Amino acid sequence: RYLQEDNLSEECKKLLPILPKEKGWIGSYIYNYQGCWIPPRLLQGMIACQQRFQAEDSDIILVTTPKSGTTWLKSLLFALIYRVKHPIFEPNHPLLVKSPHVLVPFLEHTLYVDGQVPDFSTFTSPRLFATHVPFASLPKSVLDSKTKLVYLCRNPKDTFISMWHFANNLRLHHKDTSSIHEMFDLFCEGLSIYGPFWNHVLDYWKQSIENPNKVFFLMYEEIKEKPKIQLKRLAEFLKIPFSIEEENCGVVDEILRVCSFENLRSLEVNTNGKLSTGEGNKAFFRRGEIGDWRNYFTTEMNYKLNHIIEEKFQGSGLKF
Ligand code: A3P
């Protein structure tokens, strides 16, 4: 659905022919808008969001590169932020019955994808949203308000492998194939959804250094390695730190358990449920590990990506 070029707004239809265009991973085209490669429907959603989204000071927006663990951080943030309204020990906690993608909707993928005016009346404050939009393309009101941004990225090698699997899943419906090598070359050239990957990461990384009260920068690997420490840091950044009582009662551990890969993946909603776009929720839970790229990369691929990582991130202070 995200890839369809029909039923676009007049504005988007007029824009597409003048944008740089390349073949995407799954048979459709991606367009370069404001320096970022994006399929047409998401472009429509991004523009509508830029024009219409009115951020509130208390809003929290999760920004991620695709396949960096968005589903995981959506669930952690939801559990963390709404822990008074929805205590994590509740047997009917929303995360046990709804997909994290339903509980924390994407701005451009979901709320604004058809250029619609979303109904925010059901949202409780603080509102929690997600987006993959690069820093330069965020709606102005997000930057002008005190809205907080939580950014998540992941080692580019694992991100690529996760994307490749995800694209293969989508492609089943397209009956089209392209090899891991073709996709890898595109990724290296920056041609991936919301790519170039490095620009996305570096822009938010710089913002997190210049404006640490506004942008909190996280890596998938850091959460995997020290989940408790990272969740507590996140709570402090959002100014909702865990109390001693909460810690003693095991709230932090229980949030991590509920949001763990094993638990979320085994839930009925995430096994057999589907999003309104038709994607099966289970596509968002594959292996959930660090280093799966080793099972797929050739020596040449590793060499090539290492070289790009070195070139793009040198001097930034970021290590992958
Ligand atoms: P893999 O394909 O490497 O398994 P996104 O949510 O941004 O689409 O990212 C999906 C990736 O996050 C997938 O990686 C998926 O398995 C992993 N993932 C999903 N839920 C997770 C969780 N609770 N803990 C750790 N990883 C998780």
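Parameters at a glance
- Residues numbered from 1 in each chain as written.
- Predicted model: local features only at pLDDT ≥ 70, side-chain atom pairs only at ≥ 80, totals over all residues.
- Helix = DSSP H or I, 4+ residues; strand = E, 2+ residues; numbered from the N terminus.
- Rg over C-alpha atoms; globule rule 2.2 N^0.38 Å.
- Buried ≥ 20, exposed ≤ 12 C-beta atoms within 10 Å, placed from the backbone.
- Contact = placed C-beta atoms within 7 Å.
- Pairing = 2+ DSSP bridges.
- Axes fitted to C-alpha atoms, helices over the stretch in contact; angles between N-to-C directions.
- Near = placed C-beta within 6 Å.
- Nonpolar A, V, L, I, M, F, W, Y, C, P; charged D, E, K, R; others polar.

Looking at the overall build of the chain
At step 1: Within the chain one finds 17 helices and seven strands.
At step 2: Taking 320 residues into account, the globule formula puts the C-alpha radius of gyration at 20 Å, and the chain, at 19 Å, falls close to it.
At step 3: Structurally, the chain occupies a C-alpha span of about 55 × 45 × 45 Å along its principal axes.
At step 4: Here the chain holds 320 residues, and the buried ones make up 38% of them.
At step 5: Long-range contacts, defined as pairs at least 24 residues apart, comprise 76% of the intrachain contacts of the chain with a sequence gap of at least 6.

Description of the sheet that holds strand β3 (residues 36-38)
At step 1: Ordered in space as β1-β2-β3, the three strands form an open sheet in which the pairing is antiparallel. Taken across any chain shown, the strands that pair with only one partner, and hence form the sheet edges, are β1 (21-23) and β3. The average undirected angle you get between the axes of adjacent strands in this sheet is 30°.

Focus on the site of the ligand
At step 1: Around the ligand lies a shell of 21 residues, among which T70, T71, S162, R286 and G288 are the nearest.
At step 2: Taken together, the elements giving at least two residues each to the shell around the ligand come down to α3 (70-81), α8 (156-171) and α15 (261-266).
At step 3: Looking at the shell around the ligand residue by residue, the classes come out as seven nonpolar, nine polar and five charged.

Quick word on the sheet that holds strand β5 (residues 128-131)
At step 1: The strand order across the open sheet formed by four strands is β5-β4-β6-β7, and the pairing between neighbours is parallel. Only two strands of the sheet have a single neighbouring strand rather than two, namely β5 and β7 (215-219). For this sheet the average axis-to-axis angle between neighbouring strands, irrespective of direction, equals 20°.
At step 2: Running at roughly 130° to β7, helix α10 (residues 197-210) makes contact with β4 (60-64), β6 (148-153) and β7 of the sheet.

In short, geometric facts, not functional conclusions.
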